[in-house]
Amino acid sequence: MLLFDAHLDLSMNALEWNRDLRSSLQDINEREYGMTDKPDRGNAVISLDELRKGNIGIVVATQIARYVEKNSTIPGWHSPEQAWAQTQGQLAYYKALETLGELSPIRNWSELQAHLTYWNNSQEPKKKIGYILSLEGADSIITVDHLDIAYNYGLRALGPAHYGPGRYAQGTNATGGLGENGRALLTRMKQLGIILDATHLCDESFWEAMEHYDGPVWASHHNCRALVDHNRQFTDEQFKELIRRGAVIGMPLDAWMMVPNWVRGVSTPQNMQVSLNTMIDHLDHICQIAGNTNHVGLGTDLDGGFGTEQCPYDIQSIADLQKIPDLLSKRGYSANDIEKICHKNWIGFLEKSWK
């Protein structure tokens, strides 16, 4: 089954975790043995070869660099210019992988069609993985004019906020609306056709964005507040609005967002019984709200600052996502439903948005 993963921080892993994604997963984790600077050292689940093994032929690959004000307790860069420079380094990494024949950019409908044909027919042992470029958090957009620069180098989706207060919107654990700068950003996004990623928007910023922006919107990696009561998750009313807008919502696999009462550094996927079936609980909740399977997909966020210590216990490699079709079938989903969840919903969304 072809899989489409709508949220992977590949360049962050390469540049901030110093992981060579062309290496084997075993080599990546062995190299980190004994390191303690990150909580997930030695627990990675992603390499480019593991993506291929899992038939994950299309990904939404991110740039990410947060700006933080003085005395902030959230890690980030101390100026928008530094954050912009970090995203440009991340872009350079993706371009280097393109040159090496590892990745292939997808920026429009014709490129997506061409990649699907290539992926389904190529006999190459190392097929090029198609990637759509996204920006998680808009802090690095120095001015709204920089959005044009980003669009020209391939940016096609943008989430205005990440964690905490932002320059254009307020994110997880923050409160407040968009403000003038945020509204100006959304206006230019609509003009350029950049997809609004509603992920991480706090409640006030979410509803203001929905009121102000009438272009294509998705939520690349978001779970359900009805199952895990935290502002990082969306309420049923927010899901209803996204469904009304024709959005697709990707299911993330960060354990603390999957079950209540997770304690970082204490809880384990095993003792909290977090599995891929837990993800399907969230997916099924959204399907019940929608009355169909047209608005859900995968947006795993794997290796997004966590690894096997904080993801479903039945994931040792991202290739294990291939367990999902069988699990969905056992939960009563039809073959057509499973195809939609695994890739067709995202592809259909992009067809409507880009054609």
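Residues numbered from 1 in each chain as written. Predicted model: local features only at pLDDT ≥ 70, side-chain atom pairs only at ≥ 80, totals over all residues. Heavy atoms only, no water.

**Some remarks on the pairing of strand β5 (residues 155-159)**
Counted only if it meets this: For every residue, the accessible area (1.4 Å probe, protein chains only) is compared with the maximum for its type, and the residue is labelled buried under 20%, exposed over 50%, or partly exposed between those bounds. Numbered from the N terminus, helices here are DSSP runs of H or I no shorter than four residues, and strands are runs of E no shorter than two. A strand pair is defined by DSSP finding two or more bridges across the two strands. When the strands point away from the viewer and the connection leading from the first strand across the helix to the second strand turns clockwise, the crossover is called right-handed.
Burial within β5 is extensive, with five of its five residues counted as buried. By the bridge criterion, four bridges tie strand β4 (residues 129-136) to β5 in an arrangement that is parallel. Across the sheet, residue L135 finds its bridge partner in β5, namely L158. The parallel pair β4 and β5, bridged by helix α6 (residues 146-153), forms a crossover whose chirality is right-handed. As paired strands, β5 and strand β6 (residues 195-197) are joined by two bridges and run parallel to one another.

**Points about the pairing of strand β2 (residues 56-63)**
Buried residues dominate β2, accounting for eight of its eight residues. As judged from the four bridges shared by strand β1 (residues 3-8) and β2, these two strands associate in the parallel manner. Residue pairing for β2: F4 is matched across the bridge by I58. Where β2 meets β4, six bridges bridge the pair, whose relative direction is parallel. Across the sheet, V60 pairs through a bridge with I132, a residue of β4.

**Some details on the state of the cysteines**
Between two cysteines, a covalent bond joining their sulfur atoms is known as a disulfide. As a reminder of what qualifies: Defined by distance alone, a disulfide is two cysteine sulfur atoms within 2.5 Å.
For the structure shown, the criterion picks out zero disulfides. C202 takes part in no disulfide bond, and the closest cysteine sulfur, belonging to C224, lies 19 Å away. Free of any disulfide, C224 has its nearest neighbouring cysteine sulfur in C287, separated by 9.6 Å.

**Quick look at helix α5 (residues 109-121)**
Quick reminder of the rule: Helix span, expected: 1.5 Å multiplied by one less than the number of residues in the helix. The arc in question is formed by the directions pointing from the helix axis toward the C-beta atoms.
Compared with an ideal rise of 1.5 Å per residue, which puts 13 residues at 18 Å, α5 spans 18 Å between its outermost C-alpha atoms and is within 8% of the ideal. Of all the residues in α5, the buried ones are W109, L112, H115, L116 and W119. Buried residues of α5, viewed axially, fall in a sector of 120°; they line one side.

**Quick notes on unusual backbone geometry**
Unusually for a residue other than glycine, N18 sits at a positive phi of about 55°. Relative to the elements of secondary structure, N18 occurs in the loop between α1 (10-15) and α2 (25-31). Accessibility expressed as a relative area gives 66% for N18, which makes it exposed. In this structure, N173 is a non-glycine residue whose phi angle is positive, near 70°. When you line up the elements, N173 lands in the loop between β5 and α7 (179-192).

**Focus on helix α12 (residues 335-354)**
Defined as follows: Fitting axes to the seven residues ending at a residue and to the seven starting there, one defines the bend at that residue as the angle between these axes.
The end-to-end C-alpha separation of α12 is 27 Å, in line with the 28 Å expected for 20 residues at 1.5 Å each. When the local axis directions of α12 are compared, the greatest deviation, roughly 60°, occurs at I341. Residues of α12 that are buried include every one of D337, I338, K340, I341, C342, H343, N345, W346, I347, F349, L350 and W354, and no others.

**Here we look at the side chain of R19**
What counts, and what does not: N or O atoms closer than or at 3.5 Å make up a polar contact, with two conditions inside protein: a donor-capable atom paired with an acceptor-capable one, and, for residues adjacent in sequence, both atoms drawn from side chains. Residues count as neighbours in contact if any of their non-hydrogen atoms are within 4.5 Å of one another.
Note that R19 resides in the loop between α1 and α2. A distance of 3.3 Å separates a polar side-chain atom of R19 from the backbone oxygen of D40. The residues touching R19, leaving out its near neighbours within four places in the chain, are N13, A14, I28, E32, D40, R41, G42, A44, Y93 and D303.

**Examining the environment of G154**
Within the secondary structure, G154 is located in the loop between α6 and β5. You can call G154 buried: its relative accessible area is 5%. Expressed as a C-alpha distance, the spacing of G154 and K340, which sit 186 residues apart in the sequence, is 26 Å. Apart from the residues within four sequence positions on either side, G154 is in contact with R107 and L133.

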